[in-house]
Amino acid sequence: MNNAPHPAAVFTLRSLAIGICCALTACGNQPVQTLADLPRANPPSPQEEAPQNPPVQTVIALENLVQSYRMALESHTDPKVRQQIHLRLADLEMERLEQKQSDNPDTIVDYSSAVDYYQSLSAQRPKDDYILYRLARARALDGEMPAALQALEKIAGSAPDSPFIGEVLFRRGEAAFNRKDYPSAARDFRALLKQGPSPFTDNARYMLAWSEFKSSNYRASTEIFLQSLDILHSEEQGEELPVGRQRLREDSLRGLALNFSYLGGAEAIESFNLNGEPRPYQHQLYSALGTWYREKELFRNSADTFLQFVNHYPQTQQAPQLHLLAVATLQAGRLHKEVLPTKRDFVRRYGVNSDYWQAAGETQQQELAKTLQPWLYELAQFDHARAQELAQQVTKLPANKVKERRLVSAQSLGAYRSAAALYQEYAQTFPQDPRTPSMVFLMAECLEQAADHPAAWRAYSQVAWEYQDPKYAAEAGYGAILSAARVHEQTPDQESEQKILWLDRNIEASLKFAQSWPQDPRALPVQLAAADKLLQQSRFAEAIAAAEHADQWQPPANRQQQISIAIILAHSHFSLKQYPQAEAAYTRALGYQPDDKLRKDALRQLQLSIYRQAEIILAQRESEDAAPSEEALNHLLRIRDSGRTEVAATAQYDAINFLIQLGQWQRASTELADFRQFYPAHTLTPTLAAKAIVIFEALEMPAAAATELLQLAATDPDREVRRQSLFMAAENLQKAGEYNRAIESYRNYSKLWPEPAEQRLEAQFQLVEIYAQTKKPTKRNYWLQQLAQNSLQSPRGRYLAAYSQSELAEQSYAKFAELALRLPLKTSLANKKRAMQTTVADYRKVLEFGIAEFTPQANYRLAEVYRQLSRDLMDSQRPKNLNELELEQYEILLEEQAYPFEEKSIELHEANIQRTVEGIYDDWVKRSFHSLGELLPARYKKEEKTLEWSDALH
């Protein structure tokens, strides 16, 4: 206060007045008691109710007390005391009027007398905050709010440290708020909060938040509301909040919802996290905003808000609750297209396969299950129906709409997979539920439609033999058979282990089905199918057992099934090498007069059974190292007698081979002719040509063999056979003396078959030989030139080239040797030298090959070329008109011309005889020795002496 200290008596009265005043204000956690419960501002959120406790009553009768103060007023002359007494009388008047109001709540009480008291005192003490406060209260109770506010303004201006300043600021802020002066209201509320805790703090913070909201400072408003909630949350730990503070929390959350809606919705919530971390009551923020949206019928925004929390905090305890709110909101807003996806997301997030479920306690799992059970069924049924509908659409689409059909088909498959997954999750979540077997059966059907046959097989098997469901078991058992069969069919052959595994599963399911439901019309066909597949798996003993079981079926198998039983038994016995039993079973099958294809197959197998008997005999003979027996041949030919089939052809073909092996050429020829007559188009018929060749050669009929070979050369699909046949035909024709046909065959071979090169050269060589025999040198020389020019570097190729070149060189040498030197010598010598050059060149080509067989000959001929030229020069004609001296000089000139050639000849002969050092001493080396004996008799024409050798040293 701004007045001076009072005496003790006055202080007592003042204390009493303050006590009465304090009793009128709220404290602690109670809502603020304002000046005479002044009407509050009306923010968008409803306010808390005033406390219901009545004001403190004085124990002294007011009339007596007033009378006592009036008497005291008359007896005191001190101005200060009198002021105190006047103040006390004013307070008592105020109390009296308030008591009257309390006793008569429906009566309008006139507070003007109290106003007059306080106004008079205020004129005397204008800065007394207590008097101003009481004046404001009296005027407020009398309905004079502007005047009451003026009194409060005076306190704020004259006594800023007054104990009433908190309420002054609060009241002034309220008034500013009511007149929509939100910045002023915010200023007062903020100033009040800066003073520290007071009975007005919570409400001031609350009103400050609304003031900022009204000023469009949404972010600031949000932060203030959040401060309020932070405080309330800290108070709530361990105990429940009083009702009033619960309402404050609710109103704050509603204010936050409004702010978040203006700040962009749920996305704004995360931007207010403390230090980047969510608040413990974060779910309440999302819930408040979602609820506000829903009240405004903004259903999609509401659902999105709830789901935003779920996305941000999927593992929290509150996530499922907000997710459920989202679903309920979408349903309320009739957003039907979004309801099922949101339910589906709930199943995904909190279902039995989710991390959330695994981490949840038993109680929470039970709560989740209450929602999951109907939703799993609903979603599964929806997806199943949609999958069927899409499948129907595919069938109705035109065939030319390929892309559209493919798209709709893919959508149908996806829906089937989704339905199957939901049925499966239902079964996992509620294994003991009576509907679970039917769910698993429906799951199997969806998996089958989705082409997930392995999973369908597992589901069908579970219904049939684990659940043994009376309604679906048989159908599921049959479904397991079909699913396993489809997996087997679709498994690539290279994955042999998997393919066998699924065939085994199909067989197992089939046998179990037939055993479990033998009266089912599908049981016997299934049993027979299993027996057939056992046969396919080479499980012959099991196949026989299954087929024999089917053979004993009641009611008995029909004719077609009897055929199947006989065939399975026959094939199984055959595979077990039980050929007599196999023959009997095939005979039984043929007795039922099966269709043409089966009859042919059975006949073939019947003949094979006989064939195998022949094989057994032949194998025994072979083990004894004996030739094929007549008994085996009779078996093979007996097959032919049962019908001209493929097996019969093979048997007769084998018989031909064995006859050849036995050397029974004439009989083999007869069977071969018979085979060709009955099987002209058989794949083995072309191969008989080779056998005919062997037979004809054995019968010494080369021309006939050649005819077969020429046929092979023209028609055989194997190019290698054609090649060799043509060459062999030429050889046989050559052997038969049919040279013209032999020449034609060799020439065709040389033309058609450049590879292998050596074989081609051999054909050309044979042409050289034949033309030599038939005295056709020109044609022979053509092929000699072809051989000489070949570039094959193999030994044979080089040999034939050297041989041919040597033959051609010999012809050049002969021509050279035949040329005589006649007058005029110049002309004939020039011709002789040209022939010599050709001959030398030809023999040098021979030498280039380096073939030992032809090198001495070539060297000898080269030496003889020079010797021949030297000899021919000396033997040439002499001019007739020469005198003796001229003739002598002419002779000298000839010797000078001939001498170098003779020296060259000696040099070459000496080089040739050096080959004896290399161990070569053939006829051509001998000839070189002879020529050197004639050219250098002193050195080379010596008498040979024989040295006798004694073995005594050894």
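Residues numbered from 1 in each chain as written. Predicted model: local features only at pLDDT ≥ 70, side-chain atom pairs only at ≥ 80, totals over all residues. Heavy atoms only, no water.

**Some words on the overall build of the protein chain**
Selection rule: Here a helix means four or more residues in a row that DSSP labels H or I, a strand means two or more in a row labelled E, and each is numbered from the N terminus. As a reference, a globule follows 2.2 Å times the number of residues to the power 0.38, and the radius of gyration itself is taken over C-alpha atoms. Relative accessibility decides the category of a residue: with a 1.4 Å probe and only protein chains considered, values under 20% of the type maximum give buried, values over 50% give exposed, and everything between is partly exposed. Here, Shrake-Rupley sampling with a 1.4 Å probe gives the accessible areas, and only protein chains in the shown set may cover a residue. Charged-residue counts in this description rest on Lys and Arg as positive and Asp and Glu as negative, His and the chain ends being excluded. The location of each charge is read from NZ of Lys, CZ of Arg, CG of Asp or CD of Glu.
When helices and strands are counted, the protein chain shows 42 helices and zero strands. Against the compact-globule benchmark of 30 Å for 954 residues, the protein chain has a radius of gyration of 64 Å, which places it well outside the compact range. Each of the three principal axes of the protein chain carries a C-alpha extent, and together these read 210 × 105 × 75 Å. Looking at the protein chain as a whole, 47% of its 954 residues qualify as buried. For the protein chain, the computed accessible surface area is about 49900 Å², with 51% contributed by carbon and sulfur atoms. Distance between charge centroids for the protein chain: 5 Å, based on 106 positive and 123 negative side chains.

**What about unusual backbone geometry?**
Cis rather than trans, the peptide bond between Glu755 and Pro756 has omega equal to 0°. Looking at the element boundaries, Pro756 is found in the loop between helix H34 (739-752) and helix H35 (757-773). Residue Leu823 is joined to Pro824 through a cis peptide bond whose omega torsion reads 0°. Its place among the elements puts Pro824 in the loop between helix H37 (795-818) and helix H38 (825-849). The residue Lys577 is not glycine, and still its phi comes out positive at about 65°. Residue classification places Lys577 among the exposed positions, given a relative accessible area of 63%. The phi angle at Lys775 is positive, at roughly 60°, despite the residue not being glycine. Relative to the helices and strands, Lys775 is located in the loop between H35 and helix H36 (777-788).

**Considerations on the packing of helix H12 (residues 282-295) against helix H14 (residues 319-332)**
Our working rule: Between N-to-C directions, angles cover 0 to 180 degrees, with each direction set by a line fitted to C-alpha atoms, over the stretch in contact for helices. Oblique is the label for any angle not covered by the other classes, which are roughly parallel (under 35 degrees), roughly antiparallel (over 145) and roughly perpendicular (65 to 115). Any two residues whose heavy atoms approach within 4.5 Å are treated as being in contact. In the scheme used here, Gly and all other residues not listed as nonpolar or charged are polar, with Ala, Val, Leu, Ile, Met, Phe, Trp, Tyr, Cys and Pro taken as nonpolar and Asp, Glu, Lys and Arg as charged.
For the pair H12 and H14, the least separation of the axes is 11 Å and the interaxial angle reads 5°. Of the possible angle classes, the one that applies to H12 and H14 is roughly parallel. Contacts between H12 and H14 involve His283, Tyr286, Ser287 and Arg294 from the former and Leu322, Leu325, Ala328, Thr329 and Ala332 from the latter. Looking at side-chain class alone, the contact of H12 with H14 contains five nonpolar, three polar and one charged residues.

**Remarks on the nonpolar core**
Cut-off, in case you're wondering: Nonpolar cores were defined as sets of buried Ala, Val, Leu, Ile, Met, Phe, Trp, Tyr and Cys residues, with membership established by side-chain atoms within 4.5 Å.
One finds Leu256, Phe260, Leu285, Leu372 and Tyr423 to be the most contacted residues of the largest nonpolar core, which totals 106 residues. Core analysis: the second largest hydrophobic core is formed by 69 residues, Ile565, Ala566, Ala651 and Ile656 among them.

**Remarks on the side chain of Thr685**
Mapped onto the secondary structure, Thr685 falls in the loop between helix H30 (665-678) and helix H31 (688-698). Its relative accessible area of 11% is what places Thr685 among the buried residues. Beyond its immediate chain neighbours, meaning those up to four positions away, Thr685 contacts Phe675, Arg676, Tyr679 and Pro680.

**Let's talk about H36**
The following threshold applies: Multiplying 1.5 Å by the residue count of a helix minus one yields the expected span of that helix.
In this model H36 runs 16 Å from its N-terminal to its C-terminal C-alpha over twelve residues, within 8% of the 16 Å that 1.5 Å per residue would give. Residues of H36 that are buried make contact with H34, H35, H37 and H38.

**Looking at the packing of aromatic side chains**
Our working rule: Centres within 6.5 Å make a pair out of two Phe, Tyr or Trp rings, where for Trp the six-membered ring is used; the pair is then stacked when the planes are under 30 degrees apart, edge-to-face when over 60, and tilted otherwise. Either the NZ atom of lysine or the CZ atom of arginine qualifies as a charge over a ring when it sits within 6 Å of the ring centre and within 35 degrees of the ring normal.
A full pass over the atoms with the stated rule returns 37 aromatic pairs. Here the aromatic rings of Phe675 and Tyr679 are separated by 4.8 Å at their centres, their planes lie at 50°, and the arrangement is tilted. Each member of the pair Phe675 and Tyr679 is classed as buried. Note that Arg435 overlies the ring of Tyr377, its terminal NZ or CZ placed 4.2 Å from the centroid. Sitting above the plane of the Tyr478 ring, Arg522 keeps its charged end 4.4 Å from the centroid.

**Overview of the packing of H37 against helix H39 (residues 855-874)**
Closest axis-to-axis distance for the H37/H39 pair is 11 Å, and the angle between their directions is 10°. On the basis of their axis angle, the class for H37 and H39 is roughly parallel. Along the contact surface, H37 presents Ser806, Glu810, Tyr813 and Phe816, while H39 presents Gln857, Arg861, Glu864, Val865, Gln868 and Leu869. Residues of the contact of H37 with H39, tallied by class, amount to four nonpolar, three polar and three charged.

**Focus: the environment of Leu524**
Position of Leu524 relative to the elements: it lies in helix H23 (residues 523-536). Separated by 110 residues in sequence, Leu524 and Asn634 have C-alpha atoms that sit 43 Å apart. Excluding residues within four positions of it along the chain, Leu524 makes contact with Ala550, Trp553, Ala557 and Gln561.

**Notes on the side chain of Asp383**
To be explicit about the condition: Whenever two N or O atoms come within 3.5 Å, that pair is a polar contact, provided that in protein one can donate a hydrogen and the other can accept it, and provided that, for residues adjacent in sequence, both atoms are side-chain atoms.
Assignment of secondary structure puts Asp383 in helix H17 (residues 362-396). Here the side chain of Asp383 touches Arg344 through a polar contact of 2.5 Å, side chain to side chain. If we skip the residues at most four places from it in the chain, Asp383 touches Arg344, Ala415, Ser418, Ala419 and Leu422.

**Remarks on the confidence of the model for the protein chain**
Do not read the fine detail of predicted coordinates wherever pLDDT is low. Quick note on the threshold: The pLDDT score gives, residue by residue, the confidence of the prediction method on a 0 to 100 scale.
Per-residue pLDDT for the protein chain averages 84, and the proportion of residues at 70 or more is 91%. Here helix H1 (residues 8-23) is the element of the protein chain with the lowest mean pLDDT, 29, and H14 is the one with the highest, 96. This stretch, residues 1-59, has a pLDDT under 50; its non-local contacts, to residues over four places away or in other chains, come to 114 contacts.

**Thoughts on the pattern of salt bridges**
Defined as follows: One side-chain nitrogen of Lys or Arg within 4 Å of one carboxyl oxygen of Asp or Glu is enough to make a salt bridge.
For the structure on display, the rule yields 38 salt bridges. Two residues, Asp188 and Arg172, come together in a salt bridge whose shortest N-O distance is 2.9 Å. Placement of Asp188 in helix H8 (residues 182-194) and of Arg172 in helix H7 (residues 165-178) is noted, with a sequence separation of 16 residues between them. The exposure class assigned to Asp188 is buried, which follows from its relative accessible area of 2%. Each member of the salt-bridge network shares a partner with another, and the members are Asp202, Arg205, Glu235 and Arg245.

**Here's the deal with helix H26 (residues 579-591)**
Note the threshold: Regarding the arc, it is the one traced by the directions from the helix axis to the C-beta atoms.
Here H26 is 13 residues long and its end C-alpha atoms lie 18 Å apart, about the 18 Å a rise of 1.5 Å per residue gives. Along H26, the residues classified as buried are Tyr579, Ala582, Ala585, Tyr586 and Ala589. For H26, the angular spread of buried residues about the axis comes to 120°, placing them on one side. Exposed positions of H26 whose direction lies more than 90 degrees from the buried face are Pro580 and Gly591. Those residues of H26 that are buried lie in contact with helix H25 (559-575) and helix H27 (596-623).

**Overview of the environment of Cys446**
Its location among the elements puts Cys446 in helix H19 (residues 436-449). Distance from Cys446 to Ala456, taken between C-alpha atoms, is 7.9 Å for residues ten residues apart in sequence.

**Side note on the environment of Gln837**
Along the polypeptide, Gln837 turns up in helix H38. Owing to a relative accessible area of 52%, Gln837 belongs among the exposed residues under this scheme. C-alpha of Gln837 to C-alpha of Phe816: the two residues are 21 residues apart in sequence and 9.3 Å apart in space.

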